[in-house]
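Remarks on the overall topology
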Amino acid sequence: MTEEKNFPWFGPLFVDSAVVDVDSEPLAIGPDELVDDHPCTDIGLYAADRGLLAYMLQDVRALARLWVDGTTDVVPYEPIIWWVHGLKRRLVPCDLDRLVDGRDLEVVGFFGSRRLVSEGGLGPEADSIDDLDAQLTAEFRNHPGIASYSTIEMHDGFWANLVLHSVPSDAEGWRGSGVHKGAVRMSPTLYRDVRIHNGRLPGGVGSSDEVVLYRTKYWDYGPVPNGEPTWTAVRQW
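Bear in mind that the values here come from a model prediction, so they are computed numbers and not experimental data.

Focus on the overall build of the protein chain
The secondary structure content of the protein chain amounts to 5 helices and 10 strands. A buried classification covers 52% of the 237 residues belonging to the protein chain. Here the protein chain has roughly 11,000 Å² of accessible surface; of this, 52% comes from carbon and sulfur atoms.

Section: the side chain of N161
Note that N161 resides in strand 7 (residues 158-165). Judged by its relative accessible area of 0%, N161 falls in the buried class. At a separation of 3.2 Å, a polar atom in the side chain of N161 contacts the main-chain carbonyl oxygen of S150.

Observations concerning the nonpolar core
With 26 residues, the main nonpolar core has L57, L99, L164 and V205 as its most contacted residues. Contributions of two or more residues to this core are made by helix 1 (43-69), strand 3 (80-84), helix 2 (96-99), strand 5 (105-114), strand 6 (146-153) and strand 7. Sequence-distant contacts of V205, that is, excluding residues within four places in its chain, are made with L57, V60, R61, A64, L99, V100, L105 and L164. Formed by 17 residues, the second largest nonpolar core is a distinct cluster that contains V92, C94, I146 and Y221.

Describing the environment of S113
Relative to the helices and strands, S113 is located in strand 5. Put simply, S113 and L190 are 77 residues apart on the chain and 8.4 Å apart in space, counted from C-alpha to C-alpha. For S113, the contacting residues outside a window of four places in its chain are F158, L190, Y191, R192, D193 and R195.

Let's talk about the pattern of salt bridges
Tallying each qualifying case throughout the model produces 6 salt bridges. With a closest N to O distance of 2.8 Å, R195 and D49 form a salt bridge. Taken as a pair, R195 in strand 8 (residues 191-201) and D49 in helix 1 lie far apart in primary sequence, 146 residues in all. The pair R195 / D49 is uniform in exposure class, with both members buried. Several salt bridges converge on common partners, so that one network encompasses R98, D101 and R103.

Some details on the packing of aromatic side chains
With the rule as written, the count across this model stands at 2 aromatic pairs. An angle of 20° between the planes, with centres 3.8 Å apart, marks the rings of Y46 and W237 as stacked. Placement of Y46 in helix 1 and of W237 in the segment after strand 10 (231-236) is noted, with a sequence separation of 191 residues between them. According to the relative accessible area criterion, Y46 is buried, its value standing at 17%. Here F110 and Y191 contribute two aromatic rings whose centre-to-centre distance is 5.5 Å and whose plane-to-plane angle is 65°, an arrangement assigned as edge-to-face. Residue F110 is located in strand 5, and its partner Y191 is located in strand 8; the two are separated by 81 residues in the primary sequence. Looking at F110, the relative accessible area reads 0%, which means it is buried.

Cut-off values and rules
Residues numbered from 1 in each chain as written. Predicted model: local features only at pLDDT ≥ 70, side-chain atom pairs only at ≥ 80, totals over all residues. Heavy atoms only, no water. Helix = DSSP H or I, 4+ residues; strand = E, 2+ residues; numbered from the N terminus. Buried < 20%, exposed > 50% of the residue type's maximum accessible area, 1.4 Å probe, protein only. Areas by Shrake-Rupley, 256 points an atom, 1.4 Å probe, with all protein chains shown as cover. Polar contact = N/O pair within 3.5 Å; in protein donor to acceptor, adjacent residues only side chain to side chain. Core = buried A, V, L, I, M, F, W, Y, C linked by side-chain atoms within 4.5 Å. Contact = heavy atoms within 4.5 Å. Salt bridge = Lys/Arg side-chain N within 4 Å of Asp/Glu carboxyl O. Phe/Tyr/Trp six-rings, centres within 6.5 Å; stacked < 30°, edge-to-face > 60°.

Right under this line is the structure:
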């Protein structure tokens, strides 16, 4: 892995589920329910998302082991960027001591389906997600509950985030961030739909346990940006 302090890339912004502005309560859906006209609720995506979160977690665990062993120097809040098969990955270690202290960590997994230009999305020349993401990363120093932040690029414009943090109440600090609110406002233009998983990692990154997901929230922004009210749902696992 190589470090890179400038990162002109087009990845997802971490969007906290509690601050997406909608006018109605999310629809409660069952563990096996597929909602018509909302493909983001496909149960098959759950297994794929869990697999990808485990894949990203491997990188965090590997970095933590290297840091504990003294094999590599890790600078808190400095993004580490590398490529796998031409697709970009990024890991921002924030609180290394918290990562390896053996206590449970809270987990947020973000999965966004990027909106195509033909659907009203932004082209690369107008896409401001890069600047917003850089600003958001810079703000991590103001939110000490965040232990690490990972991003992975997939094919066809799909991206995912893995955020490890200390306790559920950490989200209260993210909600007040001006940069974060700006990211939320842009979500209908940047994404067709968003899935956010909440869970827990027992024993932290030093354990061999898997992430346990207990809730997923969905936002479907419709076929065009801001063309209809945002559809939202929540599923308990």
